[in-house]
There are 2 protein chains.
Amino acid sequence: MKIIDGGVCAAKGFKAGSVRCGIKASRTNDDTAIIFSECECNAAATYTMNRVKAAPVYVTMEHLENGVARAIVANSGNANACAPDGMENARRMAKAAADFLGVDEEDVAVASTGVIGQRINIECIEKHLSEIVLSDDASEQANRAIMTTDTRTKTAAVEFTVGGKTCRIGGICKGSGMIHPNMGTMLSFITTDCAISHEMLTDALQENVKKTYNRVTVDGDTSTNDMCVVLANGLAGNELIDWQNEDYQAFCKALNEINTRLARQIAADGEGATKLVTCTVKNSRSEETAERLAKAVVGSNLVKAAMFGADANWGRVLCAMGYSKAPFRPEYVDVAFESENGSVAVCEKGAALNFDEELAKKVLTANEVTIQIDVHEGEHAATAWGCDLTYDYVKINGDYRT
Amino acid sequence: MKIIDGGVCAAKGFKAGSVRCGIKASRTNDDTAIIFSECECNAAATYTMNRVKAAPVYVTMEHLENGVARAIVANSGNANACAPDGMENARRMAKAAADFLGVDEEDVAVASTGVIGQRINIECIEKHLSEIVLSDDASEQANRAIMTTDTRTKTAAVEFTVGGKTCRIGGICKGSGMIHPNMGTMLSFITTDCAISHEMLTDALQENVKKTYNRVTVDGDTSTNDMCVVLANGLAGNELIDWQNEDYQAFCKALNEINTRLARQIAADGEGATKLVTCTVKNSRSEETAERLAKAVVGSNLVKAAMFGADANWGRVLCAMGYSKAPFRPEYVDVAFESENGSVAVCEKGAALNFDEELAKKVLTANEVTIQIDVHEGEHAATAWGCDLTYDYVKINGDYRT
């Protein structure tokens, strides 16, 4: 597997583009993006588990039900959630993209992110969407158009081999942010030229999302608009993957690489974050247990605030594990902090180690910190990603909308 | 029922006192308190659900297993959790109190709050505990001795009637705070002169804790040391309550009054908090559903940050309800914000209302704000309490321990 550039335009036959329709307050930034395949794709998607779902989530569910798609249209600036005329406007957005691209509107996935409770200015989108110039070099541009308070674009692409054929897969995403302070949304769009059936693509995505995006926590708040869509157009020419063979494994490995890279970028760019915090739990009795423990640790406000302060406060790590409801024996637990600046063991068998506070502070001031936990109970492991809790998180989210 | 003063010393036959043993860094504040009954009490307690439990939690469980007790000894400055010699030292603490008071050590409940992972300086406690001067006017003093980053004492007491006899019940507690930044702990100690059996006291407490303390969220982190202990010495002379009769209901009502008042004080004094945030969900299909929804709302970092910024960001309220996993129909939901400054309806049937932003800001700048939610589905209701998320929360918890 080889890391390459190109994001959603890395795979053969995919183009992207963006335009400023005027949804966002900003007068300069694009706010609407399209990702387009020159031929039909098998498609799979996962959606927010929030009971309150935005209109574009429902429309995309409808449109992808038959397992095929050609394009994705997405806007920032308005989430079209709990908004007047939401369903109608999400459908109009798909239709505008379909008309522009010359495809069926049922082959278009729709996604939105931004303020909720306000009517989306669909007339603006209908008016300006056709100004988009599609290109096979516009992944970054499309990525920027869907950013809200994200401070950087988030992209990944790899080249891999299936049955002797070179395939590519790449993606872009946006993480937690807000436009007119309101709500963070995870949107992730993946494209591949690998030939894979709708069923296999769905299996691969659903399995992998659990281990990547669903292991990211920025603030514990699950958005109404989260969505991950994968389009596979088959232009790589490999034999169609339609069962769980070796080719399927190769595809899953590539998909996992993309989603893991994007998930880490989302965590690292969490609102107000100054660092990526990774927690790995190993030697657990099950992967589910390890996952629960790791997510509780990166999700704890007290752990997150300690990471911001570069405070080797391992007691909070144990405390978070303790209330995770996952089974483990506190008296078996070892905890260490690691980063590019070194490693420091702080807790052994559930009890304090006499560690070097200077070293610990140095380890924890890095931009990426890993909390290594060994529960000494079995053979399973899991990793979760989060970020620190900072003054800026409070600032970004405490500001008046008005 | 009549509100009175006196906290844990309000009921007949209870005394309290405190002393500085030297556990805390502060050279002036007391750090160890005793609450004592002049005769044997029926006792009940609830403990942290955290899998990692501090040593004093286990020792108190042992000592209260027979349902009787005479005293509570509690210290701040060291949580005696994940600490060397924890069990032995918690037992020595109970013994030191028992020797001083001339009671059996199994009749003493032990509680600690403060830094975790460090050996408690038990020798200091053993040396200084006997310097305590017990008095029936020292509830506030005992309360101050168990404070960590609490900014004020938390107390409540009421007088009520059982079978023609005047009874009293009162309590003190500490909330989320830290001493040498580490961990918040909820400790609550209640005393009453009402005659009530161990079994009835246990029923009453367990039932009521679910609706009071367990509906408080400061930061979602459940401590290793949480404990609520009730001592009932029977000196009011009422007929012993030993079944669920009218007298039991009168007792439960008084207990609920105390615990609700203490719970609200804990929420209002959450770390860094500038305001108490109450969420009431009504017309829900069950009380459990209403509780889940209310707790999700007051527990959401995004809602908490919006409350800090006095931002009427009702979309975050709906979003939090949506990920609570409790059943409700978004399209039925009404949301309003209320405070002493007025009331403003912001969402009706799941959609935005065109509300007065000026009025909303005024409502939300009060010290106590209520989020009123009507889900229009049934007849049940629940209330949960929390606080806002502020720069100071991050500051308190991000500071170096060293």
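For clarity, every value in this text was computed on a predicted model and none was experimentally measured.

Thresholds applied
- Residues numbered from 1 in each chain as written.
- Chains lettered and ligands numbered in written order.
- Predicted model: local features only at pLDDT ≥ 70, side-chain atom pairs only at ≥ 80, totals over all residues.
- Heavy atoms only, no water.
- Helix = DSSP H or I, 4+ residues; strand = E, 2+ residues; numbered from the N terminus.
- Rg over C-alpha atoms; globule rule 2.2 N^0.38 Å.
- Buried < 20%, exposed > 50% of the residue type's maximum accessible area, 1.4 Å probe, protein only.
- Contact = heavy atoms within 4.5 Å.
- Areas by Shrake-Rupley, 256 points an atom, 1.4 Å probe, with all protein chains shown as cover.
- Lys, Arg positive; Asp, Glu negative; His and termini not counted.
- Charge placed at Lys NZ, Arg CZ, Asp CG, Glu CD.
- Polar contact = N/O pair within 3.5 Å; in protein donor to acceptor, adjacent residues only side chain to side chain.
- UniProt positions renumbered as here; feature names shortened; annotations may be inferred.
- Phe/Tyr/Trp six-rings, centres within 6.5 Å; stacked < 30°, edge-to-face > 60°.
- Salt bridge = Lys/Arg side-chain N within 4 Å of Asp/Glu carboxyl O.
- Domains from an automatic or database assignment.
- Buried area = accessible area lost by both parts, 1.4 Å probe.
- Axes fitted to C-alpha atoms, helices over the stretch in contact; angles between N-to-C directions.
- Parallel < 35°, antiparallel > 145°, perpendicular 65-115°, else oblique.
- Left-handed = near helix turned anticlockwise from the far one by under 90°.
- Nonpolar A, V, L, I, M, F, W, Y, C, P; charged D, E, K, R; others polar.
- Patch = residues over 30% accessible without salt bridge, like charges linked within 9 Å, V, L, I, M, F, W, Y side chains within 5 Å.
- Pairing = 2+ DSSP bridges.

### Points about the overall build of chain A
From N to C terminus, chain A includes eleven helices and 15 strands. Taken against the 2.2 N^0.38 rule, which gives 21 Å for 402 residues, the C-alpha radius of gyration of chain A at 22 Å falls within 12% of a compact globule. Along the first, second and third principal axes, the C-alpha set of chain A runs to 65 × 55 × 35 Å. In chain A, buried positions account for 63% of the 402 residues. Across chain A, the fraction of contacts at a sequence separation of at least 24, relative to all contacts at a separation of at least 6, is 79%. When the accessible surface of chain A is summed, it comes to about 14600 Å², and 44% of that surface belongs to carbon and sulfur atoms. Across chain A, 40 positive and 55 negative side-chain charges occur, with their mean positions spaced 4 Å apart.

### Focus: the side chain of His63 of chain B
All names here are of chain B. Relative to the assigned elements, His63 resides in helix H1 (residues 55-63). The exposure class assigned to His63 is buried, which follows from its relative accessible area of 3%. Among the polar contacts made by the side chain of His63, one reaches the main-chain carbonyl oxygen of Glu105 at a distance of 3.0 Å. A distance of 2.8 Å separates the side chain of His63 from the backbone oxygen of Val108, its partner in a polar contact. Sequence-distant contacts of His63, that is, excluding residues within four places in its chain, are made with Val68, Ala94, Glu105, Glu106 and Val108.

### With respect to the UniProt feature "binding site: substrate" (unreviewed entry) in chain A
Residue and element names in this part refer to chain A. In this numbering, the UniProt entry assigns the feature "binding site: substrate" (unreviewed entry) to Thr148, Lys174, Thr185, Glu271, Asn397 and Thr402. Considering the arrangement of structural elements, one finds Asn397 in helix H11 (residues 391-398). A relative accessible area of 0% means that Asn397 is categorised as buried.

### Here we look at the packing of aromatic side chains
Ring pairs (aromatic) are described by centroid distance and by the angle formed between their planes. Taken as a whole and assessed by the stated rule, the structure comprises five aromatic pairs over all chains. Their ring planes at 90° and their centres at 5.4 Å tell us that Phe308 of chain A and Tyr391 of chain A sit as a pair that is edge-to-face. In this pair, Phe308 of chain A is assigned in helix H8 (residues 301-308) and Tyr391 of chain A in helix H11, connecting sequence segments 83 residues apart. Overall, the relative accessible area of 31% leaves Tyr391 of chain A in the partly exposed class. Aromatic pair Tyr391 of chain A and Tyr391 of chain B: ring centres 6.4 Å apart, planes at 55°, arrangement tilted. Of this pair, Tyr391 of chain A sits in helix H11 while Tyr391 of chain B sits in helix H11 (residues 391-398), which puts the two residues in different chains. Among the aromatic residues, ring-to-ring pairing joins Phe308 and Tyr391 of chain A together with Phe308 and Tyr391 of chain B into one connected group.

### As for the pattern of salt bridges
One pass over the full model with this rule turns up 40 salt bridges over all chains. Here Glu140 of chain B ties to Arg144 of chain B by a salt bridge, and the two come within 3.9 Å at their closest N and O atoms. Of this pair, Glu140 of chain B and Arg144 of chain B both sit in helix H4 (residues 139-145), four residues apart, which is roughly one turn of that helix. For Arg144 of chain B, a relative accessible area of 48% translates into the label partly exposed. Look at the salt bridges and you will find they share partners, linking Asp85, Glu88, Arg92, Arg119, Glu123 and Glu126 of chain A into a network.

### Regarding the side chain of Thr148 of chain B
Along the chain, Thr148 of chain B falls in the loop between H4 and strand E6 (154-162). Within polar-contact distance, the side chain of Thr148 of chain B engages the side chain of Lys174 of chain B at 3.2 Å.

### Overview of unusual backbone geometry
Residue and element names in this part refer to chain B. In the Ramachandran plot, Asn283 falls in the positive-phi region, its phi being about 55° despite a non-glycine side chain. Tracing the chain through its elements places Asn283 in strand E10 (residues 276-284). According to the relative accessible area criterion, Asn283 is partly exposed, its value standing at 27%. For His376, which is not glycine, the phi torsion reads 45° and is therefore positive.

### Thoughts on the domain arrangement of chain A
All names here are of chain A. Assigned domains within chain A: domain 1 (2-268) and domain 2 (276-398). Taken residue by residue, the interface counts 17 residues in domain 1 and 18 residues in domain 2. Counting each side, the surface lost to burial between domain 1 and domain 2 is near 1400 Å², with a carbon and sulfur contribution of 51%. Interface area lost by domain 1 to domain 2 is led by Arg215, Thr217 and Arg264, which between them contribute 47%. The interface formed by domain 1 and domain 2 holds two salt bridges in total. Where Lys211 meets Glu287, a salt bridge forms, and the shortest distance between an N and an O atom there is 3.2 Å. Connecting domain 1 to domain 2 are two residue pairs in polar contact (both at pLDDT 80 or more). Within the residue set of the side of domain 1 that touches domain 2, elements represented by two or more residues are helix H5 (198-211) and helix H6 (246-268).

### What about the packing of helix H7 (residues 287-299) of chain B against helix H9 (residues 314-323) of chain B?
How two helices pack is summed up by the angle between their axes together with the distance between the axes. All names here are of chain B. Orientation of H7 relative to H9, taken along the N-to-C sense of each, is 130°, at an axis distance of 8 Å. One way to sum up the angle between H7 and H9 is to call them oblique. The two elements H7 and H9 cross, and the hand of that crossing is right-handed. Here Leu293, Ala296 and Val297 of H7 lie close against H9, whose contacting residues are Val317, Ala320, Met321 and Tyr323. Partitioned by chemical class, the residues of the contact of H7 with H9 number seven nonpolar, no polar and no charged.

### Concerning a positive patch on the surface
Together, Arg292, Lys295 and Lys325 of chain A together with Arg292 and Lys325 of chain B make up a region of like positive charge exposed at the surface. Along the chain, Lys325 of chain A falls in the loop between helix H9 (314-322) and strand E11 (334-339).

### Let's talk about the sheet that holds E10 of chain B
All names here are of chain B. Spatial ordering of the open sheet is given by E13-E12-E11-E14-E10-E15, a layout of six strands whose pairing is mixed. On the outer flanks of this sheet lie strand E13 (351-352) and strand E15 (380-387), each paired with one strand and no other. Bridging between strand E11 (residues 334-339) and strand E12 (residues 342-348) involves five bridges; their strand directions are antiparallel. Each bridged residue has a counterpart across the sheet, and for Ser339 the counterpart in E12 is Gly342. Here H7 sits on the sheet and contacts E10, strand E14 (368-374) and E15; the angle it forms with E15, its principal contact strand, is near 20°. On the sheet, H9 packs against E11, E12, E13 and E14 and is oriented at approximately 120° with respect to E11.

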